[in-house]
Every structure is written in structure tokens, then in C-alpha cells.
Amino acid sequence: MTPEEKYSEVEKALAEIRPFLNSDGGDIELVSIEDNIVKVRLTSACISCSVNQMTLKSGVEMTIKKYVPEIISVINVSDLETSTEADLISSIAKEEH
């Protein structure tokens, strides 16, 4: 499968999932696919949802793997951005003391 075909198939999988996320006030966007790892960004209500990791693994990842079996994992980059920001804030606070 070419990278373009893989991207297209992942977008199809996300289109299948999106109505369920939208019904709860959330959404998802494809950020990238690198080394068979899909990076997505959960948005709107999904950001603060307490079960977003369960949704990501049991819903999003499972559906994407149905379309593209060679996908290894799906990662929510929103979580990474948040943790990076938290680390930055923490390091700035330490420097001020």
C-alpha cells in the first residue's frame, strides 16, 4: 500500500468513527502517519473526556486497523502537546525559584 493509499484508508476509517465522536461534542483529525504509527488530534469535547484513551484504543485504533492492518498504533498528539506544555511550565517554575 502506498503512503497515499494508507492516508486515504485512514481518513475513511476516521470518517466512520467521526459521527460517534460528533454526537458527544468531540471530533478527531489526522495529523500524520509515520512508520505505521498514526498520529491524531482529539478535539472539542474529546480533549477533556475522561474515557478518551479508551475511545482511542478500542474505537479509533481498532477501526483504523480494520482499514489498514499494518498500522501498529494510534497516538493522540493532543496528550503529548499537553504533557510537553506541562513540562515546560514546570521547568520555568523551577528556574524562577
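Residues numbered from 1 in each chain as written. Predicted model: local features only at pLDDT ≥ 70, side-chain atom pairs only at ≥ 80, totals over all residues. Heavy atoms only, no water.

(A) Structural view of unusual backbone geometry. For Asp 35, which is not a glycine, the phi torsion comes out positive at approximately 55°. Tracing the backbone shows Asp 35 in the loop between β1 (26–34) and β2 (37–44). Taking relative accessible area as the criterion, Asp 35 reaches 70% and is therefore assigned exposed. We note that Asn 36 has phi near 60°; this positive angle belongs to a residue other than glycine. Considering the arrangement of structural elements, one finds Asn 36 in the loop between β1 and β2. By relative accessible area, Asn 36 is classed as partly exposed at 21%. (Helix = DSSP H or I, 4+ residues; strand = E, 2+ residues; numbered from the N terminus. Buried < 20%, exposed > 50% of the residue type's maximum accessible area, 1.4 Å probe, protein only.)

(B) Here's a closer look at the side chain of Glu 61. Considering the arrangement of structural elements, one finds Glu 61 in helix α3 (residues 52–67). Aside from chain neighbours lying at most four places away, what touches Glu 61 is Leu 56, Ile 72, Ser 73 and Val 74. (Contact = heavy atoms within 4.5 Å.)

(C) Molecular detail of the nonpolar core. Formed by 16 residues in total, the largest nonpolar core has its most connected members in Leu 14, Val 38, Val 60, Ile 64 and Val 74. Of all the secondary structure elements, the ones that give two or more residues to this core are α1 (3–23), β1, β2 and α3. If you tally residues by element for this core, the top one is α1, at 5 residues. (Core = buried A, V, L, I, M, F, W, Y, C linked by side-chain atoms within 4.5 Å.)

(D) Quick look at the pattern of salt bridges. Tallied over the full model, the rule gives 6 salt bridges. Lys 39 serves as the salt-bridge partner of Glu 34, at 3.7 Å between the closest nitrogen and oxygen. A relative accessible area of 41% means that Glu 34 is categorised as partly exposed. We classify Lys 39 as partly exposed; its relative accessible area is 25%. (Salt bridge = Lys/Arg side-chain N within 4 Å of Asp/Glu carboxyl O.)

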